[in-house]
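Residues per chain, in single letters:
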Amino acid sequence: MKKEKLSFLIPKKENNLGQWLIDQGISAGFPSPADDFKEVRISLDKELVKNEEATFYARVSGDSMQGAGLENGDLLIIDRSIEPSNNKIAVCFIDGEFTVKRIKIESKKLYLIPENKKYSPIEINEENELIIWGIVTYVIKKL
Amino acid sequence: MFALIDCNNFYASCERVFNPILNKKPIVILSNNDGCVISRSNEAKVLGIPMGAPAFKYQSIFKKNNVYVFSSNFPLYGDISSRIMNILSSFTPNIEIYSIDEAFLKFQGFNNYDLEKYCKKIQKKVLKWTGIPVSIGVGSSKSLAKVANKICKKFPEQTNGVYIIDSNKKRLKALKWLEIESVWGIGFRNSKKLKEIKVKNAYDFTSLNDSWVRKKMTVVGLKLKKELEGESILDLEEIRAKKKAIATTRSFENTISKFKHIEERISTFAVCCAEKLRAQNSNCSSIYVFIKSNKFKKLEYQYRKGIIVTVPFSTNSNIVISKYAIIGLEKIFKSGIKYKKAGVIVMGISSDKNYQMTLFENEKTKHKKLMKTIDFIQKKEGQNKIKLANQDLKKRWKMKQEKLSFNYTTKLDEIITVK
């Protein structure tokens, strides 16, 4: 009787073509139940900067806004696209320097209010050259 | 309709945003190495300081008139520019960024819009968000938008920075006002030619015979004529064309005489050009090298010479471009001259995709890999971390930027402080 030849199929080792690219890896176990619920990780940049084109940064110097939680060395996030209005904290340019104060509008008069008893409110009159530069949206402090 | 949006005195305006004390004061911005004036506020223009004025010549005029002088701060200007372009692209899907401070917008399907109101809105938003004032000219072709923009600039009080050429009457009036040499794309030579036949303004130009314009000024001139007549011929170039020539040139702070020192500069400029080529996936096939003495020192011996070196194959390798640039330099260098300026310009630029092999000599394939690695490392670790051996002799060449303002928007330790 003729012996039947057995031929073995040998996997080709040298040929790399045709390999599958599998992102997840093939796992024999149960697939992660979280896969269907994947979300993007929290990004502070996205949270704190709502309008990239109009956002600028400033560093606080001094203690005139201590009461509002703005202390020396803190980082401010400023959004120039926001309209200034009563009670907003704004970066202003007045009489040759940048300052950060709370805006107060009272009986048609505009005031810049510091939040520290050591300083007095600034009443804006026609002689002052005031630029409301941007509205402070966040303060970042290092602890 | 097309709109051309142009930032008013852009570099000076950028400085003012972060330093409002400069409002209404004369400001000039100097070129790299503080060489000459490249941007002026209106107040500085009134003082008669021309564009391109060499800084050292105008030192006393600056002092006498309390002109604020700044070194150019391109990281700042570039950031503000990209903010503005992003804001502009929210107003129409069709935008062409024409330069750092200019963009064309195309308003297609805006028939129900009051364009004047719309442009005022654009202007207001850019000013509020970035602090930069802009002028907007609108017309039925790009060339007419450019004309309208010129009118905004010339008559800021009457136009408030927005002017729309939306009737034939306005178009004719504008063209009769515009001198021929100020027409976009006419150039010095053509305007001279036209003046000889008594064409004084843009209107005279449009009254010429089509075939005459075509004959004397090629199809480019004819296109321009049609554009000024109100027909839109030039469309937006939304994808920026690759540059046809790339240059790196500098004036030196002090003059240089030694070959070794000039060689260093030329090598550095060559590397800089190679990097720019790789950034746009291109290669060059010839290199122009030039050296010049100080033309302002009339008493000194004047020497200026340039040479074109052809590379046997297309390349963007630091090593090859530097090597051939130095070969060129050796041919034109003359000892005993006090050199003030030098530069390298690469030409014959072709895309990586249509790379032409040559029969006998080709670039070593090793170079491509090496350059890729260098670019990768520099991207990660910062520019100029890897240099050729003939570059940078103990860092003698810091750029002269004596009056540099801060990088208010790109470096956290240089932001404004508020009290």
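Caption draft 1: Region of interest: helix α11 (residues 210-228) of chain B. All names here are of chain B. With 19 residues, α11 should cover 27 Å at 1.5 Å per step; its first-to-last C-alpha distance of 13 Å lies more than 12% under that length. Its maximal kink placed at Met217, α11 deviates by approximately 130 degrees. Of the positions making up α11, those classed as buried are Val213, Met217, Gly221, Leu222, Leu224, Lys225, Glu227 and Leu228. Contacts from the buried residues of α11 go to α6 (142-154), α8 (168-177), α9 (187-196) and α10 (202-206). Positive backbone phi, approximately 110 degrees, marks Gly230, located one or two places after α11.

Caption draft 2: Highlighting the packing of α6(B) against α11(B). Residues and elements named next belong to chain B. For the pair α6 and α11, interaxial distance at closest approach is 7 Å and the crossing angle is 65 degrees. As for the relative orientation of α6 and α11, their crossing is right-handed in sense. Listed contacts from α11 to Lys142, Ser143, Leu144 and Val147 of α6 are Leu224, Glu227 and Leu228. Residue classes in the contact of α6 with α11 are distributed as four nonpolar, one polar and two charged.

Caption draft 3: Molecular detail of the nonpolar core. Residue and element names in this part refer to chain B. If you look at the biggest cluster of nonpolar residues, it comprises 56 residues, and the most contacted ones within it are Leu88 and Ile122. Residue contributions to this core peak at seven residues, all from helix α4 (residues 74-88). Among the nonpolar cores identified, the runner-up in size contains 31 residues, and Ile266, Leu277, Val311 and Leu329 belong to it.

Caption draft 4: Up close: the layout of surface pockets. Residues and elements named next belong to chain B. Taken as a whole, the second largest pocket spans an internal volume of roughly 1,100 Å³. Forming the walls of the second largest pocket are 42 residues, and the residues nearest its centre are Asp34, Gly35, Cys36, Ser251 and Lys340. Every element with two or more residues in the lining of the second largest pocket is listed here: α3 (59-64), β9 (246-256), α12 (259-279), β10 (282-293) and β12 (339-347). With nine residues, β9 is the single largest residue contributor to the lining of the second largest pocket.

Caption draft 5: How the structure looks around the interface of chain B and chain A. Opposite the 22 residues of chain B that make contact, chain A presents 30 residues. Of the roughly 2,200 Å² buried between chain B and chain A on both sides combined, carbon and sulfur atoms contribute 60%. Two residues, Glu97(A) and Lys419(B), come together in a salt bridge whose shortest N-O distance is 3.5 Å. The interface formed by chain B and chain A includes 17 residue pairs in polar contact (both at pLDDT 80 or more). Mapped by element, the contributors of at least two residues to the side of chain B that touches chain A are α4, α5 (115-130) and β14 (416-418) of chain B. Its residues assigned to classes, the side of chain B that touches chain A shows twelve nonpolar, six polar and four charged.

Scoring rules and cut-offs
Residues numbered from 1 in each chain as written. Chains lettered and ligands numbered in written order. Predicted model: local features only at pLDDT ≥ 70, side-chain atom pairs only at ≥ 80, totals over all residues. Heavy atoms only, no water. Helix = DSSP H or I, 4+ residues; strand = E, 2+ residues; numbered from the N terminus. Expected span 1.5 Å × (residues − 1). Bend = angle between axes of the 7 residues up to and from the residue. Buried < 20%, exposed > 50% of the residue type's maximum accessible area, 1.4 Å probe, protein only. Contact = heavy atoms within 4.5 Å. Axes fitted to C-alpha atoms, helices over the stretch in contact; angles between N-to-C directions. Left-handed = near helix turned anticlockwise from the far one by under 90°. Nonpolar A, V, L, I, M, F, W, Y, C, P; charged D, E, K, R; others polar. Core = buried A, V, L, I, M, F, W, Y, C linked by side-chain atoms within 4.5 Å. 1 Å grid on protein atoms, 1.4 Å probe; cavity = no way out; pocket = protein on both sides within 12 Å on 5 of 7 lines; lining within 4 Å. Points joined across faces, edges and corners; volume = space filled by probe spheres on them. Buried area = accessible area lost by both parts, 1.4 Å probe. Salt bridge = Lys/Arg side-chain N within 4 Å of Asp/Glu carboxyl O. Polar contact = N/O pair within 3.5 Å; in protein donor to acceptor, adjacent residues only side chain to side chain.

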